[in-house]
Amino acid sequence: SGLEAYHSKYHGSSYNELAREYFEKAAKKGNADAYYYLGSLDERIYDYAAALSHYQEGVEKGSDLARLGLGNLYRNGNGVLTDLEKANDLFDEALDNGCVEANYYKGIMIKNGLAGEDADANKALELLDRVADSENPSFVAAAAEAKGTIYKNGYAGVEKDIDKALKYYNEAIEAYRNAIRLAGESSTMYYALASAY
């Protein structure tokens, strides 16, 4: 599935190529989220024009994950002019549609004061906590790492707390291990998945 291929980044380029083959076929079959994973694969090789195209197509077909990918391009100015308002709108749309992973991006925006309001690490922590409900260990790990950094540094209304920082960094390590395990278990599935289409 798409989730396994997303974790192929923990393997070599041959796995990424196999994942791309699978997602191209899945996209042709009407899987809107496949465009998010294709865009992610494009970003791994710094082809932001292709990523932009894949994310836009995914958004047109209703993928909230593609909204996140597109919003992140606008947040970072990768292949497009930085547009924080557009990024926020895309993240908010995904949140409104119930996309748990959108809490990660929105939390980062709020933490850094990029969501049209002052930086607020407490509000960011609330959003980052919601990412734990995601089935995607990469998002879970990234959210835990972001929480660890907030507590490590003390930031925007949150007191420095090294014990909490270590707790969240350990959670991030465990989630990254899960992503690597998932990639290892699924790597042999890519051939079957790709040939099924």
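Structure first, text after, so check above.
Residues numbered from 1 in each chain as written. Predicted model: local features only at pLDDT ≥ 70, side-chain atom pairs only at ≥ 80, totals over all residues. Heavy atoms only, no water.

1. Considering the side chain of Asn136
Heads up, the condition is: To qualify as a helix, a DSSP run of H or I must reach at least 4 residues; to qualify as a strand, a run of E must reach at least 2; elements of each kind are numbered from the N terminus. Using a 1.4 Å probe on the protein chains alone, a residue whose accessible area is under 20% of its type maximum counts as buried, one over 50% counts as exposed, and one in between counts as partly exposed. Here a polar contact means two N or O atoms within 3.5 Å. Within protein one must be a hydrogen donor candidate and the other an acceptor candidate, and residues neighboring in sequence count only if both atoms are side-chain atoms.
Summarising the element assignment, Asn136 is placed in the loop between helix 8 (121-130) and helix 9 (137-153). We classify Asn136 as buried; its relative accessible area is 5%. Of note is the side chain of Asn136, whose polar atom sits 3.0 Å from the backbone nitrogen of Ser138.

2. Some points on helix 4 (residues 48-60)
Under the convention used in this document: To estimate how far a helix should reach, multiply one less than its number of residues by 1.5 Å.
For helix 4, spanning 13 residues, the distance from its first C-alpha to its last is 18 Å, which sits close to the expected 18 Å at 1.5 Å a residue. Here helix 4 has its buried residues at Ala50, Ala51, Leu52, His54, Tyr55, Gly58 and Val59. Once helix 4 ends, the next one or two residues include Gly62, with phi positive near 100°.

3. With respect to the packing of aromatic side chains
Here a ring pair, both rings aromatic, is described through the centre-centre distance and the interplanar angle of the planes. Note the cut-off: Two rings belonging to Phe, Tyr or Trp (six-membered ring only in the last case) form a pair when the distance between their centres is within 6.5 Å. Interplanar angles under 30 degrees mark stacking, angles over 60 mark edge-to-face geometry, and anything in between is tilted.
Scanning all chains against the criterion turns up ten aromatic pairs. With a centroid separation of 5.1 Å and an interplanar angle of 70°, the aromatic rings of Tyr104 and Tyr105 are classed as edge-to-face. Of the residues examined, Tyr104 reaches a relative accessible area of 16% and is grouped as buried. Taken together through their ring pairs, the aromatic side chains of Tyr22, Phe23, Tyr36, Tyr37 and Tyr55 make up a single cluster.

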